[in-house]
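Working through the structure, step by step
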Amino acid sequence: MSKSTPLKHSVVRASAGSGKTYCLSTNYLRLLEAGELPERILAVTFTRKAAGEIRARIFSRLAQAVINESAAKEIKDSLSSPSFTQEKAAKLFSRLICSQHKLALQTIDSLFAALARTFPLELGLGLNWRTLEDNEDKKLHSHAIAETILQLDKQTFSALYQIFQDGKATRSVAASLISDLEKMYNIYRIAPASCWSW
């Protein structure tokens, strides 16, 4: 993976362990060093963990550069910037600390949610909508599936159970059905609409 990219919008696509966090933190530092305000830099990734790792790497590299000459040289070399010094690192670190609440190092989900909160009426959403946390989403799915199962007559339930279990015994009928139906729901979500127009 190249350590240097132009000062433009960039996308980093690479497998795990290939140095994405280092590359993204370098790109971020390059923009900062060029004078861009922290709150005007948007960095998005898929998971909260990854976003946290990028943030930690940026702060860690700058903090090390402030107190360690070799760390400052490492950033200087990675940015190909002869003017980068420990003093410059201190100024950038101070700017980041003062702008922590404005930093846009986030997940793609949170970016879309922020956009949707900005334009709820234009998107046909209510004013008080919010995104569900994973545990809330699971509870609602389980409740909806359980309610649907309770409405089935015995014959339909028995047939459904046999299809899912393939004759295997299980301790919890409801938990087994809920688990299998949730797997099917995930397939339904990612499959194109044409798959369901029989």
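Each remark here, short or long, concerns the structure printed above.
The text that follows walks through the structure, step by step, so that each part is easy to find. (Residues numbered from 1 in each chain as written. Predicted model: local features only at pLDDT ≥ 70, side-chain atom pairs only at ≥ 80, totals over all residues. Heavy atoms only, no water.)

Here we look at the packing of helix α1 (residues 20-33) against helix α3 (residues 69-79)
Close contact between α1 and α3 brings their axes to 10 Å; oriented N to C, the two are set at 85°. When the axis of α1 is compared with that of α3, the two are roughly perpendicular. Contacts between α1 and α3 pair Y22, T26, L29, R30 and E33 from the former with E74, I75, S78 and L79 from the latter. Residue classes in the contact of α1 with α3 are distributed as four nonpolar, two polar and three charged. (Axes fitted to C-alpha atoms, helices over the stretch in contact; angles between N-to-C directions. Helix = DSSP H or I, 4+ residues; strand = E, 2+ residues; numbered from the N terminus. Parallel < 35°, antiparallel > 145°, perpendicular 65-115°, else oblique. Contact = heavy atoms within 4.5 Å. Nonpolar A, V, L, I, M, F, W, Y, C, P; charged D, E, K, R; others polar.)

Observations concerning helix α2 (residues 48-67)
Over its 20 residues, α2 runs 29 Å from end to end, which matches the ideal 28 Å to within 8%, given 1.5 Å per residue. Regarding α2, the residues found buried are A50, A51, I54, I58, F59, R61, L62 and A65. Buried residues in α2, looked at end-on, bunch into an arc of 170°, giving them a common side. Exposed residues pointing more than 90 degrees away from the buried face of α2 are listed as R48, K49 and I67. Packing partners of the buried residues in α2 comprise α1, β1 (42-45), α3, α4 (86-98) and β2 (104-107). (Expected span 1.5 Å × (residues − 1). Buried < 20%, exposed > 50% of the residue type's maximum accessible area, 1.4 Å probe, protein only. Arc of directions from axis to C-beta.)

Observations concerning α1
Structurally, the α-helix is built with 3.6 residues per turn, so residues lying three or four positions apart point the same way. Helix length check: α1 (14 residues) gives 20 Å between terminal C-alpha atoms against 20 Å at 1.5 Å per residue, within 8%. Looking only at α1, the buried set comprises T21, C23, S25, T26, N27, Y28, L29, R30, L32 and E33. Two residues or fewer past α1, G35 is found with a positive phi of approximately 105°.

Notes on the nonpolar core
Grouped burial of nonpolar side chains is what soluble globular proteins tend to show. Y28, L32, L62, F84 and L96 are the most contacted members of the largest nonpolar core, which totals 19 residues. Sorting the residues of this core by element identifies α1, α2, α3 and α4 as the ones contributing at least two each. Contacts of L32, omitting those with residues within four sequence positions, involve P38, I41, L62, L92, R95 and L96. Within the second largest apolar cluster, five residues are counted, among which are I145, Y161, L177 and I178. (Core = buried A, V, L, I, M, F, W, Y, C linked by side-chain atoms within 4.5 Å.)

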